[in-house]
Amino acid sequence: TQLLEQSPQFLSIQEGENLTVYCNSSSVFSSLQWYRQEPGEGPVLLVTVVTGGEVKKLKRLTFQFGDARKDSSLHITAAQPGDTGLYLCAGPNSNNQGGKLIFGQGTELSVKP
Amino acid sequence: EAQVTQNPRYLITVTGKKLTVTCSQNMNHEYMSWYRQDPGLGLRQIYYSMNVEVTDKGDVPEGYKVSRKEKRNFPLILESPSPNQTSLYFCASTPWGANVLTFGAGSRLTVL
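Residues numbered from 1 in each chain as written. Chains lettered and ligands numbered in written order. Predicted model: local features only at pLDDT ≥ 70, side-chain atom pairs only at ≥ 80, totals over all residues. Heavy atoms only, no water.

Things to note about the pattern of salt bridges
So, point 1. All chains considered together, the criterion is met by seven salt bridges over all chains.
So, point 2. In this structure, Arg36 of chain A engages Glu38 of chain A in a salt bridge whose closest nitrogen and oxygen atoms are separated by 3.9 Å.
So, point 3. A salt bridge links Arg36 of chain B to Asp38 of chain B, with the nearest nitrogen and oxygen atoms 2.8 Å apart. Accessibility classification places Arg36 of chain B together with Asp38 of chain B in one group, the buried group.
So, point 4. A single salt-bridge network, built from bridges that share partners, covers Arg36, Asp38 and Arg44 of chain B. (Salt bridge = Lys/Arg side-chain N within 4 Å of Asp/Glu carboxyl O. Buried < 20%, exposed > 50% of the residue type's maximum accessible area, 1.4 Å probe, protein only.)

Right under this line is the structure:
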């Protein structure tokens, strides 16, 4: 069974601090995605990483895919209150059932002004 | 605007009273899916559909039914809701094989 473990589950920081969220698995994934979910909304895709070792940047957010394609990280530089939300990593099921994704439990981030 | 629309957004009901949560997408996606989200458990797939008249169970299908009579619609049916089905439900869709989901805004269901 493919599982994705996220850590930490909760993170409360002050505006301006840096943080890293981890997404780990014992299974190899063909790709991993990161979503952000704001209160009262559905998850929205931030990025997809496909190649082992790949690094993608989205403004102050940096995403990395592990060399072995078993893990990923999300680093936020100088966090702002607008970054507050639930961050989810997800990867496609190995049976490639069309659009089935396996999700991590999520990391609840709170950035205080 | 490309979107997935769920209704109702909020519902409080009582045990045993049948209810349907509707889901509609305007992107002509083949694949549609229902998830429930519970604290500490993340998103768990209930049912999915790869196309019209093709549905299958996800990881937590007990107590739920679905149908896919039209490509754009994928309703979730709770024939006899129970309190353990109190949750936040999301419908999502994607083109076949794309693996990138577009989610609806969610339906918060409380069963008393």
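Section: the nonpolar core
So, point 1. Leu19, Trp34, Phe63, Leu74, Ile76 and Leu109 of chain A are the most contacted members of the largest nonpolar core, which totals 22 residues.
So, point 2. For this core, the secondary structure elements donating two or more residues are strand E3 (19–24), strand E4 (32–37), strand E5 (44–49), strand E7 (61–65), strand E8 (71–76), strand E9 (85–92) and strand E11 (107–112) of chain A.
So, point 3. Membership of the second largest hydrophobic core comes to 19 residues, among which are Val4, Tyr89, Cys91 and Val111 of chain B. (Core = buried A, V, L, I, M, F, W, Y, C linked by side-chain atoms within 4.5 Å. Helix = DSSP H or I, 4+ residues; strand = E, 2+ residues; numbered from the N terminus.)

Overview of the state of the cysteines
All names here are of chain A.
So, point 1. Scanning the model with the defined rule gives two disulfides over all chains in all.
So, point 2. The disulfide that involves Cys23 links it to Cys89, with 2.0 Å between the sulfurs. Note on the Cys23 and Cys89 pair: the S-S dihedral is about 75°, so by sign convention the disulfide is right-handed. Of the two residues, Cys23 sits in strand E3 while Cys89 sits in strand E9, which places them 66 residues apart along the sequence. For the pair formed by Cys23 and Cys89, the shared burial category is buried. (Disulfide = S-S within 2.5 Å.)

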